[in-house]
Amino acid sequence: MDAATSALMAGDTKIGNRVPTAEDLLRMPVHRRRRLARRTVPIVALVVIAATVVSFLGNEALEWSTVGRYLFDQQILDGLGMTVTLAVISMAVGLVLACIVAAMRLSGILIVRGMGAVFVWFFRGVPLLVLLVVTFNIGLLYPNIVVGLPFYEPLVSLRTSDLISPRVCAVVAFSLYEAAYGSEVVRSSLMSVPTGQREAGAAIGMTSSKVFRRIVFPQGMRIATPLLANQFIQMTKNTSIVAYIAVPDLLYSAQSVYSRTFEIIPLLLVVTIWYLVLVALLTIAQSYLERRFGAHERPRRTNPLRKQKAISHGSAA
Amino acid sequence: MTTSLLEAVQVSKRFGQNQVLKSVSLSVGRGEVVCLLGPSGSGKTTLLRCLNHLERPDEGFVRVGDEVLGYRQAGGVLRETSERDIARQRRSTGMVFQQFNLFAHRTAIENVMEGPTQVKGVDRARARQRAGALLDHVGLSEKHNAYPNQLSGGQQQRVAIARAMAMEPDVLLFDEPTSALDPELVLEVLETMKSLALEGATMVVVTHEIGFAREVADRVVFMADGQILEEGEPSSVIDAPEHPRVKEFLSRVL
């Protein structure tokens, strides 16, 4: 260390009585700022993680062996199947309805637009549990479902409670709820495709339905995918409220087991594990779909290693 | 001009309170290159968009060949025609936009193939071959499989020109094709357009490139406030304008 630098380190910004030149600065050793948090935070984090794991594994109430026994229990698996079925059917029906409602909200006809808006307002406004219970009790509102012409003897008359089982109620409630939220996702995704894209399609002689199918829809899907995946994840978990109307889903099955055996925590853990597995699978599906619809958004990456290889091959040949 | 390929007859258009076009008439002959000049807000772009019915004129009409855009002549009446029919009529014009508007989810060659395969029903192999040739023609032989966001503005605009040409339209419409480009990219697009003009394409070009208009246009049309103020050969309109408004505009941009 020369005199100039040691003078500077002592807090003196001048060397002797002159301002350091560029050459002086270039010669000076560089001391990086110490980032204390980068060393301490991981240590604290590791301690917290270890404590959590130890308290979790060491807690007798968890009864890991019981968890293992029930994870693939037939009743639990049946419940899981019911949960998946409810979620998939509700999402599928909900999405179709969502597209219809979105189309209504984008309509040029005021009353159609208004109907779409009221639909969204109603089914987004009523809490899902309330919606489910109302659907469950729809028989009180309409005791019979009648097919026929007004003022004539009905062709078919069925008791609502025979026709609509609790699981159908659940699907209806979830679908309507999903339709309300999903329609907003679909509508905003379609609206976010720039008008220029539509005009370019029209300018090469496409009809508006072709413009929609070939241009607006695929681009809108790219935007809608993560949002709809979010909806689907939420829907999957929300189906657990069907336990309230005694539909034997994952949660209800676990509850009926622990009401016999009182192994409450282990069974709730089984339920938790299965929901986490379902959500993990959905997340994988989501990233696959995002890649598929988003091919045009990834700048083509040229792998520098492969490029080099190709060159060296070329020179070897 | 005895036979006009494209003709706007007393076209008027208003957006809300704003009268954008005031009874504008324009006719374009086969093989002719017409440049529309004028200050922004003068109605040039709106007129151009009326020429392929992206805007429907409030009054007047546009005729391409023997068809009236957006209408069907039957028994001495003009009947508003179906959306499908308008789409068919639009095939006789190709359009190049200021913001390129390439289909963002399709590669360059797919952009060019889209019209022929989806609208004209050309089979994919033939469409691909022809699209490739068009891209080569506009100098993009290396970029067939690039997505729009991997291309520069000038390259995107040349793809857009190839896409418009792929439909083999009678007329090519250009809406300020170089206004969204960096200065050094303007030239490549103008060169492409110039070579099209030399090959005999019929073109209507809204532009601020006075130099291009002077060099390439057969006729220059100067618009302001929704009207045509002056029109004629570039040598007369650009170099010896008569209307004071045209003189003022040109003295500021030249």
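The rules behind the values
- Residues numbered from 1 in each chain as written.
- Chains lettered and ligands numbered in written order.
- Predicted model: local features only at pLDDT ≥ 70, side-chain atom pairs only at ≥ 80, totals over all residues.
- Heavy atoms only, no water.
- Core = buried A, V, L, I, M, F, W, Y, C linked by side-chain atoms within 4.5 Å.
- Buried < 20%, exposed > 50% of the residue type's maximum accessible area, 1.4 Å probe, protein only.
- Contact = heavy atoms within 4.5 Å.
- Axes fitted to C-alpha atoms, helices over the stretch in contact; angles between N-to-C directions.
- Helix = DSSP H or I, 4+ residues; strand = E, 2+ residues; numbered from the N terminus.
- Left-handed = near helix turned anticlockwise from the far one by under 90°.
- Nonpolar A, V, L, I, M, F, W, Y, C, P; charged D, E, K, R; others polar.
- Pairing = 2+ DSSP bridges.
- Lys, Arg positive; Asp, Glu negative; His and termini not counted.
- Salt bridge = Lys/Arg side-chain N within 4 Å of Asp/Glu carboxyl O.
- Buried area = accessible area lost by both parts, 1.4 Å probe.
- pLDDT = per-residue confidence, 0-100.
- Expected span 1.5 Å × (residues − 1).
- Polar contact = N/O pair within 3.5 Å; in protein donor to acceptor, adjacent residues only side chain to side chain.
- Arc of directions from axis to C-beta.

Colleague: Can you tell me about the nonpolar core, naming the residues and giving the values?
Modeller: Nonpolar side chains in soluble globular proteins generally cluster together in the buried interior. Among the nonpolar cores identified, the biggest contains 51 residues, and B:L135, B:F174, B:M193 and B:M203 are the most heavily contacted of them. Beyond its immediate chain neighbours, meaning those up to four positions away, B:F174 contacts B:L48, B:V96, B:I161, B:M193, B:L196, B:M203, B:V204, B:V205 and B:V206. Among the nonpolar cores identified, the runner-up in size contains 41 residues, and A:A102, A:V193, B:L26 and B:L48 belong to it.

Colleague: Can you explain the packing of helix α10 (residues 166-191) of chain A against helix α12 (residues 208-238) of chain A? Please cite residues and give values.
Modeller: Residue and element names in this part refer to chain A. Interaxial distance between α10 and α12 falls to 8 Å at its minimum, and their mutual angle equals 145°. By crossing handedness, the relation of α10 to α12 is classed as right-handed. Facing F174, Y177, E178, Y181, G182, V185, S189 and L190 of α10, the residues of α12 in contact are F212, V216, F217, G220, I223, A224, L227, L228, Q231, M235 and N238. Residue classes in the contact of α10 with α12 are distributed as 13 nonpolar, five polar and one charged.

Colleague: Residues and numbers for the pairing of strand β8 (residues 93-96) of chain B, please.
Modeller: All names here are of chain B. Burial of the side chains of β8 extends over both faces: T93 and M95 are buried on one face and G94 and V96 on the other. Here four bridges tie β8 to strand β9 (residues 171-175), and the two strands are oriented parallel to one another. For V96, the partnering residue across the bridge sits in β9 and is F174.

Colleague: Now, about the side chain of A:E178: what can you tell me, with residues and values included?
Modeller: Residue and element names in this part refer to chain A. Checked against the element boundaries, E178 lands in helix α10. Buried E178, no salt bridge; nearest opposite-charge side chain is R124, N-O distance 11 Å. Residues in contact with E178, not counting those within four places in the same chain, are S90, M91, G94, S183, Q231 and M235.

Colleague: A description of the interface of chain B and chain A should follow, citing residues and the corresponding values.
Modeller: Chain B puts 27 residues into the contact, and the matching count from chain A is 23 residues. Summed over the three residues of chain B that lose the most area to chain A, namely B:F103, B:H105 and B:Q118, the buried surface amounts to 24% of that side. Linking chain B with chain A are two salt bridges. A salt bridge links B:E114 to A:R214; its shortest N-O distance comes to 2.7 Å.

Colleague: Give me the lowdown on the sheet that holds strand β4 (residues 59-64) of chain B, citing residues and values where you can.
Modeller: All names here are of chain B. Read across the open sheet, the four strands follow the order β2-β1-β4-β5; overall the sheet is antiparallel. Either end of the sheet is taken by a strand with one partner, and the two such strands are β2 (18-29) and β5 (67-68). Bridge count between strand β1 (residues 4-15) and β2: eight bridges; the pairing is antiparallel. Paired with S4 across the strands is G29, a residue of β2.

Colleague: Could you give an account of the confidence of the model for chain A, naming the residues involved and the relevant values?
Modeller: Residue and element names in this part refer to chain A. Looking at chain A as a whole, the pLDDT averages 86, with 89% of positions reaching at least 70. Looking across chain A, the model is least confident in helix α15 (residues 304-316), with a mean pLDDT of 42, and most confident in helix α6 (residues 110-125), with 96. Segment residues 301-317 is flagged for pLDDT under 50; beyond a separation of four residues in sequence, or across chains, it makes one contact in the model.

Colleague: Can you tell me about helix α5 (residues 74-105) of chain A, naming the residues and giving the values?
Modeller: Taking 1.5 Å per residue, 32 residues should reach 46 Å; α5(A) reaches 45 Å between its end C-alpha atoms and fits that length. The backbone nitrogen of A:Q75 has a side-chain oxygen 2.9 Å away, supplied by the residue at the start of α5(A), namely A:D73.

Colleague: Please provide a residue-by-residue account of helix α9 (residues 244-253) of chain B, values included.
Modeller: Residue and element names in this part refer to chain B. Taken together, the buried positions of α9 are occupied by V246, F249 and L250. Considered in projection along α9, the buried side chains sweep an arc of 95° and stay on one side of the axis. In this structure, α9 carries P244, S251 and R252 as exposed residues pointing more than 90 degrees from its buried face. Close packing links the buried residues of α9 with α7 (210-216), β11 (219-224), β12 (227-232) and α8 (234-237).

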